[in-house]
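Chain by chain, the residues run as shown.
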Amino acid sequence: RFNCQLLTSIDISNFNTLGVTSMKNMFYGCKLLTNLDFRNFNTQKVAIFESMFEGCKSLEELDLSSFGANTANNMAKMFSGCSALTSLVLSNFVTSQVTTMEKMFYNCESLSSLDLSTFNTELVTNMISMFEKCLHLKYINLNSFSESDPLDITNMLKGTPNNIIYCIGDEILTPLIKLQLHEKE
């Protein structure tokens, strides 16, 4: 980790990330950072995204549609503590090798919706506190979520609104599924 607490902006357009395998803690604790442009970012070989944006309290929007790491296996705490985040685009995320999503969106209290319809969760065994403290989350598209065995979902939805709507497959579910998920906590 490096100390980037006072960093408000950074030009990453010329970063050569072609051979990078870990982006762990890359922007960790950059609490004043307000904007990041990932259009030219190559994440093809990245396996570890753990805590990449953790504690980026001032980021309001992130478009990670250019992220396409086929080797990604760890997304724990990736957006944890991104409390100002209102827009998050993850449309091309490749998650087929990911085993942990623990606290991935923990305390993303300003997010009102999440489209995770492209997420392949077959190998994920850890979703502990994945959406915990997402206080304003009203809609989650979990269209492609599948349950691995064993799967730990302890506190997965703790601190989310009671009227949250989940889209799984062709079904739109209301708090009933939340009750079922909380029973496992």
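Residues numbered from 1 in each chain as written. Predicted model: local features only at pLDDT ≥ 70, side-chain atom pairs only at ≥ 80, totals over all residues. Heavy atoms only, no water.

Draft legend 1. Examining the pattern of salt bridges more closely. For the coordinates displayed, the defined rule picks out two salt bridges. Put simply, glutamate 50 and lysine 24 hold a salt bridge, and the shortest N to O gap is 3.8 Å. Taken together, the positions of glutamate 50 in the segment before β1 (61-63) and lysine 24 in the segment before β1 put the pair 26 residues apart, joining distant regions of the chain. Residue arginine 39 is joined to aspartate 37 by a salt bridge in which the shortest nitrogen-to-oxygen separation is 2.3 Å. Since its relative accessible area comes to 67%, arginine 39 is described here as exposed. (Salt bridge = Lys/Arg side-chain N within 4 Å of Asp/Glu carboxyl O. Helix = DSSP H or I, 4+ residues; strand = E, 2+ residues; numbered from the N terminus. Buried < 20%, exposed > 50% of the residue type's maximum accessible area, 1.4 Å probe, protein only.)

Draft legend 2. Structural detail: the state of the cysteines. Taken as a whole, this structure holds one disulfide when the rule is applied. Paired through a disulfide, cysteine 4 and cysteine 30 show a sulfur-sulfur distance of 1.9 Å. Looking along the S-S bond of the cysteine 4-cysteine 30 disulfide, the torsion reads about -105°, which is the left-handed sense. Of this pair, cysteine 4 sits in the segment before β1 while cysteine 30 is found in the segment before β1, placing the two residues 26 residues apart along the sequence. There is no split in this pair, since cysteine 4 and cysteine 30 are both buried. (Disulfide = S-S within 2.5 Å.)

Draft legend 3. Structural context of the confidence of the model for the protein chain. Per-chain confidence: the protein chain averages 87 in pLDDT, with 89% of residues scoring 70 or above. Ignoring residues within four places in sequence, the model shows residues 176-185, a span with pLDDT below 50, making 20 contacts including any to other chains. (pLDDT = per-residue confidence, 0-100. Contact = heavy atoms within 4.5 Å.)

Draft legend 4. Molecular detail of empty space enclosed by the protein. Across all of its chains, the model carries one cavity of 30 Å³ or more by this definition. By volume, the largest cavity amounts to about 30 Å³. Forming the walls of the largest cavity are Phe49, Phe67, Gly68, Ala69, Met75, Phe93 and Val94. Taken together, the residues that form the lining of the largest cavity break down as six nonpolar, one polar and no charged. (1 Å grid on protein atoms, 1.4 Å probe; cavity = no way out; pocket = protein on both sides within 12 Å on 5 of 7 lines; lining within 4 Å. Points joined across faces, edges and corners; volume = space filled by probe spheres on them. Nonpolar A, V, L, I, M, F, W, Y, C, P; charged D, E, K, R; others polar.)

Draft legend 5. A look at the packing of aromatic side chains. Under the definition given, this model contains 14 aromatic pairs. Aromatic pair phenylalanine 38 and phenylalanine 67: ring centres 5.2 Å apart, planes at 90°, arrangement edge-to-face. Pair noted here: phenylalanine 38 is in the segment before β1 and phenylalanine 67 is in the loop between β1 and β2 (87-89), with a separation of 29 residues, a long-range link. Exposure class is identical for phenylalanine 38 and phenylalanine 67. Each is buried. Aromatic rings pair up to connect Phe15, Phe27, Phe38, Phe41, Phe49, Phe53, Phe67, Phe79, Phe93, Phe105, Phe119 and Phe131 into one cluster. Geometry around tyrosine 106 places lysine 103 over its ring, the cationic atom sitting 5.0 Å from the centre. (Phe/Tyr/Trp six-rings, centres within 6.5 Å; stacked < 30°, edge-to-face > 60°. Lys NZ or Arg CZ within 6 Å of the ring centre and 35° of its normal.)

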